[in-house]
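Commentary on secondary and tertiary structure
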Amino acid sequence: MSIVRVAIPVPIPQLFDYTSDHAVATDLGRCVRVRFGSRIETGVIVDLPASSDIADSRLRPVEQILRDTPAMSADWLDLTRFVARYYHAPIGEVMALALPPELRRATTVDIRDDDPLLALTPAGHTALAEAGRPSRARRQLAALAEAGPTRKSVARQWPDGSATADLLRRRWVYPAAPSNPALTPTPLPTLTDEQAVVLEAIDSADAGFLPVLLQGVTGAGKTEVYLRLAERALAAGRTVLLLVPEIALTPQLETRVTERFPHARIVALHSGAGDMARSRGFLRALEGDADIVLGTRLAVFTPLPRLGLIIVDEEHDPSYKQQEGVRYSARDVAVWRAHHQGVPIVLGTATPSLESWRHAAEGRYRHLRLTRRAVATALPTVRLIDTRRARLDNGLSKPLVEAIAQRLARREQSLIFLNRRGFAPVLACPSCDWVSACPHCAANRVVHLTDRRLRCHHCGFDSPIPIACPECGEQDLQPLGRGTQKLETHLAERFPEARVLRVDRDVARSRSDWLALLAKIHAGEADILVGTQMMAKGHDFERLTLVGVVGADAALYASDFRAPERLFQQLMQVGGRAGRSHLPGEVLIQTEFADHPLFQCLKRQDADGYARLALDERRQAGFPPFTFQAMLGADAPQLEEAIAFLQRARDDALSDLPAALMLYDAVPMRMHRLARRERAQLLIESTERAALQQFLGRWMPRLYRLPAGRELRWRIDVDPLDV
Ligand code: ADP
Ligand code: ZN
Ligand code: ZN
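Computed from a prediction, not measured in an experiment: that's the story for all the values here. (Residues numbered from 1 in each chain as written. Chains lettered and ligands numbered in written order. Predicted model: local features only at pLDDT ≥ 70, side-chain atom pairs only at ≥ 80, totals over all residues. Heavy atoms only, no water.)

With that out of the way, let us pick up the site of ligand 1. Surrounding ligand 1, one finds 17 residues, the nearest of these being Thr190, Gln195, Gly219, Lys222 and Thr223. Between ligand 1 and the protein, one listed contact pairs an oxygen atom with a side-chain N or O atom of Thr223 at 2.7 Å. At 3.4 Å, a backbone N or O of Glu224 approaches an oxygen atom of ligand 1. Notes on ligand 1: free accessible area 560 Å², of which the protein chains cover 73%. (Near = heavy atom within 4 Å. Polar contact = N/O pair within 3.5 Å; in protein donor to acceptor, adjacent residues only side chain to side chain. Areas by Shrake-Rupley, 256 points an atom, 1.4 Å probe, with all protein chains shown as cover.)

Right, let's get into the UniProt feature "binding site: Zn(2+) 1" (unreviewed entry) in the protein. Those residues carrying the UniProt feature "binding site: Zn(2+) 1" (unreviewed entry) are Cys429, Cys432, Cys469 and Cys472 in this numbering. Judged by maximum C-alpha separation, these annotated positions cover 44 residues in sequence but sit close together in space, the widest gap being only 8.6 Å. Of note, Cys429 is situated in the loop between strand E18 (427–428) and strand E19 (446–448). Residue Cys429 is classed as buried on the basis of its relative accessible area, which comes to 2%. Those residues within four positions of Cys429 in sequence are excluded, and the remaining contacts are Trp434, Cys469, Cys472, Glu474 and Leu477. As for its position among the elements, Cys469 is in the loop between strand E21 (462–464) and strand E22 (478–479). What Cys469 contacts, discounting residues up to four positions off in sequence, is Cys429, Cys432, Trp434, Glu474 and Leu477. (UniProt positions renumbered as here; feature names shortened; annotations may be inferred. Helix = DSSP H or I, 4+ residues; strand = E, 2+ residues; numbered from the N terminus. Buried < 20%, exposed > 50% of the residue type's maximum accessible area, 1.4 Å probe, protein only. Contact = heavy atoms within 4.5 Å.)

Below, the discussion takes up the environment of Cys432. Counting through the fold element by element, Cys432 comes out in the loop between E18 and E19. Under the relative-accessibility criterion, Cys432 is labelled buried at 17%. Between the C-alpha atom of Cys432 and that of Gly473, which follows or precedes it by 41 residues, the distance is 9.6 Å. With residues near it in sequence (within four places) discarded, Cys432 still touches Arg388, Cys469, Glu471 and Cys472.

Listed under "binding site: Zn(2+) 2" (unreviewed entry) in the UniProt record, and renumbered for this structure, are Cys438, Cys441, Cys456 and Cys459. Among the secondary structure elements, Cys456 is positioned in the loop between strand E20 (453–455) and E21.

The next thing to look at is helix H2 (residues 91–98). Within H2, seven of the eight residues are buried, leaving the element largely enclosed by the surrounding structure. Within the sequence span of H2, burial applies to Ile91, Gly92, Val94, Met95, Ala96, Leu97 and Ala98. Packed against the buried residues of H2 are strand E1 (2–7), strand E4 (39–47), helix H1 (74–86), helix H3 (101–104) and helix H11 (275–286).

Turning next to the nonpolar core. What tends to happen in soluble globular proteins is that the nonpolar side chains get buried as a cluster. The biggest cluster of nonpolar side chains holds 82 residues, and the ones touching the most others in it are Tyr328 and Trp699. Counting 64 residues, the second largest nonpolar core, distinct from the first, contains Leu167, Trp514, Val547 and Ala555. (Core = buried A, V, L, I, M, F, W, Y, C linked by side-chain atoms within 4.5 Å.)

As structure tokens, this is what we get:
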């Protein structure tokens, strides 16, 4: 009989010992069914220790070791252990997160590919050429012809995806085996000089760990660099992990990769894929049957033997950070993984996160740049419209209205970009520069209408909402960013001849809604788009030449110190949407703060200038990346209960707080009410990452023992994005 140590997905930060009569050394990393309380759970065998601290008589036998499924690799065990350690999450929960759903359920997964690439047959090409009666099938066929060989699961989610089976039945398309010679790779573009320099610098079949920040303006050809690097890795017999922030927003990337590597075994892992498809992809990767894994956040946990390269596209994107459960950052985990496995990692972006930019500036990452667009189109021009001087008509200035009218006359498209992120209502004076700053923090206080107070979400300081400006006496104090919600209606009224289309999460709830909207825009069925951050990413619209930005100021003075960074990233990105083909683009930004350095950097498209400036501010304010934070969050039906728990946690922390650490007060969260629960937070800060980590290591076990009501939930968030 031997001891089997198991990680089980329960919110308890420990491993559990069982016995087995048959366990052998190769079972390390295998999934196992065990009895836990009255339930049967699937866990992972993480150790086969010689003895247990628990008496043999009290140990239960395992139910079943799942030997149909290969064991998780040592690398994978190391990776999940690191995540558990760094994010102070129970190891069993981390492993459950990292395992695909069907493995967690211990279902047998058949890894044969039932998600083939679809390609047009000669009959399909003929059908396409005939001017037949328009039908779903024909529209789907045309979409497939345009997209090139596409996974069935992907094609099925297109607007006419329901016709996919029909196409197969009519033999207009056929399932191409991944190594089908009928698919020929697309011809390679000649590299630009800048691309060649970048590739030279990363030339490293075996350079070991090499972190690269690849900073390139939109359209500079970063994706082309990724593809060339992937090609090299594949040629050397290595595998590639390619992470993207939201695959739902970038359906073209998978097609681009598939077209470039028609013979490669590509596994796409994203939320759009079903549980079985995800599980199959994971297992294929684990068994060495995948060359390229392409996926969102969670794909960072895909086991990949012979891993040779990691790419994180849009590394600055906040969606790499999981905001619930195990709160890991896929980008940071990817960097750790590259380091652990001694391979290069490329972090690509037009607007680096301040964290990465600082690493690059201080020499920890290699900083490589693409400063010009690959195809000779100029970057858009950026113009600021000072709305203190201009009169607004329903939130729109005259220059913006005129610019839209010009586009309409020229049959070009306009995008009006509404900034909704960071929409915490900060109070501002329209007559002077006063905003509701906190006297104790570098943050601004937020308007709470329910109790009519201005509250700092950093230190908790609050006071009644003033009736007049404390600086100049102006009585018309207003929360920043009002009046943008009704924009769609105003635009429709102002331009009755135009087709106005709103594009945000509300109208594009599912991936297929989104693809349908995209098709509409591409087909030129909209003149004015009104959109939120969804519109900012990765799409090229031929005729889109104007981007108007309204409501940006709220983020400038938001209480969230990261809001300006996000604003800059978003506006650079959304600006990059203007004029990507042969037509020149223009960006107009309405603001009351036209002299603000952020907008000045934007005008020059100067990401470095902005990074320097923002880092200076962060240094002075003592914010990340110059300090390291962890946030203890609690929620309960009543705010008092959440606060009381955090106060107990705080008292406990104070008994053992090192000098390098700073403990704030327990305060309600900015979004303090969510899903009928009240949320509060306790922020811990340190100038040294190690000191914070050590403290958390001691404090966390004590937190599990603190008295807490049945309805109370708490969690720790290391490197929180949203404080
Ligand atoms: P990014 O990812 O930096 O926004 P992409 O890689 O998507 O840029 O490239 C932008 C456009 O330029 C794409 O249409 C791409 O096909 C094209 N492109 C990239 N590199 C080259 C090149 N070396 N020669 C010609 N076209 C290129
Ligand atoms: Zn404060
Ligand atoms: Zn004032």
